[in-house]
Amino acid sequence: MKYLLQKYQQKVSPLNTQLSISLFYFLVFLYSGYLYPQQFQREEVISSYIYNFALNIEWRNEDRIKEFHFCIIGGNKKIIEELNKICSIKRIRNKPIKLTINDRLTNIDDAQLIFVTKDKEELLEECFDKIEGKNILLISDNYYTKKIVMINFYVTNDQRLKFEINKANIINQGLTILPDMVLMGGSEIDVAALYRESQISLRTLQKQLDVLQQREQQLAIKIESSTLEIIRQEKLINSQSASIDSQKVQLNEQKHELHNLLLAIELKQDTLKQQTNIIAEREKELNEQKVEIDKREKVLTAQKVKIDNQNIEIEKQAKSLKKQDVTISTQQNFLYLLLAIAFLGIGLFFAIYIGYKNKRRINARLTEEIEERKKVEEALGKSEDLYNHAPCGYHSLDKNGVFVRMNNTELEWLGYRSEEIVGRLKFVDLVTDNSKKVFEENFPRFKASGAIRDIEFELICKDKTIKNVLLSGTAIYDEDGNFLMSRSTLYDITERKQAEEELRESDSRVRAQLNAILAPDGDIGGLDLADIAEIKTVQAIMDYFSKFMNIAVAIVDLKGKVLVAAGWQDICTKYHRVHPDTCAFCTESDLELSQGVEPGNYKIYKCKTTCGIWPPR
């Protein structure tokens, strides 16, 4: 096989070598059922298949991958040897391939492709759980459980090596299957059949659960009778114990009260002694204070005479000070006037000087902005590839992130006119808070590097709706290497994001339902009827039944939610169940029907709506 490959490579031009090799492998794999037993060993074919699988799978954020990491879990020396040869001479989208071999599930998080050999298939289920959601392709060899495989090799009855693909698991990993994968052959696993198998096992488990519940009820009856007897005896014991405890409590309370009275008497006696001593000390102090007061009264009388004499002298001096105050006040007013004039002159000088400096700075800034605007206009004149009616959005930003140009496609997305955005708004004015952070992180790097690719942003339209876009751009510089503006292309991925979100929600809801039903400790009591029943299937049956029998039918859960309906009149569906007042009567009717009806019986109930139409049942 290697000799044939070398001969084939010599016949094609260097530019078409990669394409030719892929075509050659395809032809070899197309007839591998005939060539395999004659010319190739099984390990060589598997190794070639693994390399071609990698060529036809696209990983998320693939442009950030510097080298592709293939990890082999197992000890098949022949496969390892063949893959080593391929990885040493081949590349995937011009990037090298690194091959590692493990016996256990360690150091696999950074791998892009994992192959579990037949001798290690017991690790496959653990490996599938460990790499879930990590953008890793898992390849297995003839594994029997199809629910957890992505690409699985198997051997047909005529000993031909084939492979099967579980697209659902590959898509859940965030991987994209390229169209050329179809040319390699293989088959797609029937996910619906797997789901039907799980439904059958669920019904079997439900029957077993019913039997266990019956046994549990019988045991509960026996336990209840024994428990009642035990409770009666416990009540007698508790009543006697309560009587003894109450007597003990009363006796302890009386002892405690007696002890408290004795302590109170002792405290009062000590307090009385202390108060007696304090009174004696205070009487002694009062006598001493009286003697001191008599002495001070004599001194005060003498001081009053001196104060009267001093007041006469102060009055004379006050008259003299008043005359001096008038003179000083006049001098102070004149001095304040001179200081005010001096400060006004200094302030006027500084105001003139600051105004002169500001004017020069403003003039310089205006000159720079005029020159920068001229450069932008010259660059806009050269950018003829910004087409107004392109199938993608297209805009340009200046160095401050202000829009200088936007094509009609992006304007229609946002719902604005050109004069409302160009020269007025910045890019951050039209994005959500999360996208603002992404822009602030990437815009400086973009101006420095000159290019950016596949960055997601959330645009806010004029009607406040959110549009998800994928942005790529290049930068325009002047002759001196200064950034002038950007050239950005935007692709609308809103529908794709919505589809991905709906797929994630659906997967999460189905997983929660299966866990509640299948798990040993699962609680199906928290599930509604809509979570268990196949609504679409039941709806199709009801539509056929209503059409065949010419009667209206419906299935309503215990909360009043209509799950399936067929043959209802327009006045009920388009008016009574839309208007809040009449809808309340409809809901009451639905809930009333579900109460007190034995299995196999029915109840006739007239709706309270004023039209008097009988609700379809």
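Please refer to the structure higher up on the page.
Residues numbered from 1 in each chain as written. Predicted model: local features only at pLDDT ≥ 70, side-chain atom pairs only at ≥ 80, totals over all residues. Heavy atoms only, no water.

A.B. asks: So what's going on with the overall build of the protein? Which residues, and what values?
C.D. replies: Looking only at helices and strands, the protein features 16 helices and 16 strands. In the protein, which comprises 617 residues, the proportion classed as buried is 28%. Here the protein displays about 43000 Å² of accessible surface, and carbon together with sulfur accounts for 55% of that area. (Helix = DSSP H or I, 4+ residues; strand = E, 2+ residues; numbered from the N terminus. Buried < 20%, exposed > 50% of the residue type's maximum accessible area, 1.4 Å probe, protein only. Areas by Shrake-Rupley, 256 points an atom, 1.4 Å probe, with all protein chains shown as cover.)

A.B. asks: Explain the pattern of salt bridges residue by residue, including any values.
C.D. replies: Applying the stated rule across the entire model yields 18 salt bridges. Note that Asp454 is salt-bridged to Arg453, the shortest N-O span being 3.4 Å. On the basis of relative accessibility, which here comes to 55%, the residue Arg453 falls in the exposed class. With a closest N to O distance of 3.6 Å, Arg496 and Glu500 form a salt bridge. Placement of both Arg496 and Glu500 in helix α12 (residues 494–518) is noted, with a separation of four residues, approximately one turn of the helix. One salt-bridge network, in which partners are shared between bridges, spans Lys78, Glu81, Glu82 and Lys85. (Salt bridge = Lys/Arg side-chain N within 4 Å of Asp/Glu carboxyl O.)

A.B. asks: Mind laying out the side chain of Ser472, listing which residues take part and the relevant values?
C.D. replies: With respect to the element layout, Ser472 can be found in strand β13 (residues 466–477). Of note is the side chain of Ser472, whose polar atom sits 3.0 Å from the backbone nitrogen of Asp454. (Polar contact = N/O pair within 3.5 Å; in protein donor to acceptor, adjacent residues only side chain to side chain.)

A.B. asks: A description of the packing of aromatic side chains should follow, citing residues and the corresponding values.
C.D. replies: Within this structure, the stated rule accounts for 16 aromatic pairs. Between the aromatic rings of Phe53 and Phe163, the centroid separation amounts to 4.9 Å while the plane-to-plane angle is 70°, which identifies the pairing as edge-to-face. One end of the pair, Phe53, is in helix α4 (residues 42–55); the other, Phe163, is in strand β7 (residues 161–165), and 110 residues separate them in sequence. One exposure class covers both Phe53 and Phe163, and it is buried. Seen from their ring centres, Phe115 and Phe153 are 6.3 Å apart, and the 85° between their planes marks the pair as edge-to-face. Here Phe115 is found in strand β4 (residues 113–116), whereas its partner Phe153 is found in strand β6 (residues 151–155), with 38 residues between them in sequence. Overall, the relative accessible area of 0% leaves Phe115 in the buried class. Of the residues examined, Phe153 reaches a relative accessible area of 0% and is grouped as buried. A connected cluster of aromatic rings, assembled from ring pairs, spans Phe403, Phe427, Phe439, Phe443, Phe446, Phe457, Tyr477 and Phe483. (Phe/Tyr/Trp six-rings, centres within 6.5 Å; stacked < 30°, edge-to-face > 60°.)

A.B. asks: Any details on a nonpolar patch on the surface? Residues and values, ideally.
C.D. replies: A surface patch of nonpolar side chains, about 560 Å² in accessible area, is lined by Tyr544, Phe545, Phe548, Met549 and Ile551. Residue position: Phe545 is located in helix α14 (residues 535–549). On the accessibility criterion, Phe545 (34% relative accessible area) is partly exposed. (Patch = residues over 30% accessible without salt bridge, like charges linked within 9 Å, V, L, I, M, F, W, Y side chains within 5 Å.)

A.B. asks: How would you summarise the sheet that holds strand β2 (residues 68–73) if you had to cite specific residues and measurements?
C.D. replies: Strand order in the open sheet formed by seven strands is β3-β2-β4-β5-β6-β7-β9, with mixed pairing between adjacent strands. Bordering the open sheet on either side are β3 (97–102) and β9 (187–188), each of which pairs with just one other strand. (Pairing = 2+ DSSP bridges.)

A.B. asks: Can you explain the nonpolar core? Please cite residues and give values.
C.D. replies: Ranked by internal contacts, the top residues of the largest apolar core, which has 54 residues, are Phe70, Ile114, Leu137 and Phe153. Broken down by element, the residue count for this core peaks at eight residues, all from α4. Setting aside anything within four residues of it in sequence, one finds Leu137 in contact with Ile57, Trp59, Gln112, Leu113, Ile114, Met150, Ile151, Ile170 and Leu175. In terms of nonpolar packing, the next biggest core, distinct from the first, is built from 24 residues, Leu411, Phe427, Phe439 and Leu490 among them. (Core = buried A, V, L, I, M, F, W, Y, C linked by side-chain atoms within 4.5 Å. Contact = heavy atoms within 4.5 Å.)

A.B. asks: Describe the sheet that holds strand β14 (residues 483–492), with residues and values.
C.D. replies: One open sheet accounts for five strands, arranged β11-β10-β14-β13-β12; its pairing is antiparallel. The open sheet has two edge strands, β11 (403–406) and β12 (451–460), and neither has a second partner. Here the average twist between neighbouring strands, direction ignored, is 30°. Of the strand pairs in this sheet, strand β10 (residues 393–397) and β11 are connected by three bridges, and their pairing is antiparallel. Counted as the bridge partner of Ser396 is Arg405 from β11. In the packing of helix α11 (residues 433–449) onto the sheet, the strands contacted are β10, β12, β13 and β14, and the crossing angle to β12 comes to about 155°. (Axes fitted to C-alpha atoms, helices over the stretch in contact; angles between N-to-C directions.)

A.B. asks: How would you explain the pairing of β14 if you had to name every residue and give the values?
C.D. replies: Here β10 pairs with β14 via three bridges, running antiparallel. The residue bridging His395 from the neighbouring strand is Ser488, located in β14. Of the pairings in the sheet, the one linking β13 to β14 comprises nine bridges and is antiparallel in character. Among the inter-strand pairings, Ala475 is bridged to a residue of β14, identified as Ser486.

A.B. asks: Report on the environment of Gly74, specifying residues and quantitative values.
C.D. replies: Mapping Gly74 onto the fold places it in the loop between β2 and α5 (77–89). C-alpha of Gly74 to C-alpha of Asp103: the two residues are 29 residues apart in sequence and 5.4 Å apart in space. Once you skip the residues sitting within four places of it in the chain, Gly74 turns out to touch Ile80, Ile101, Asn102, Asp103, Thr117, Asp119 and Lys120.

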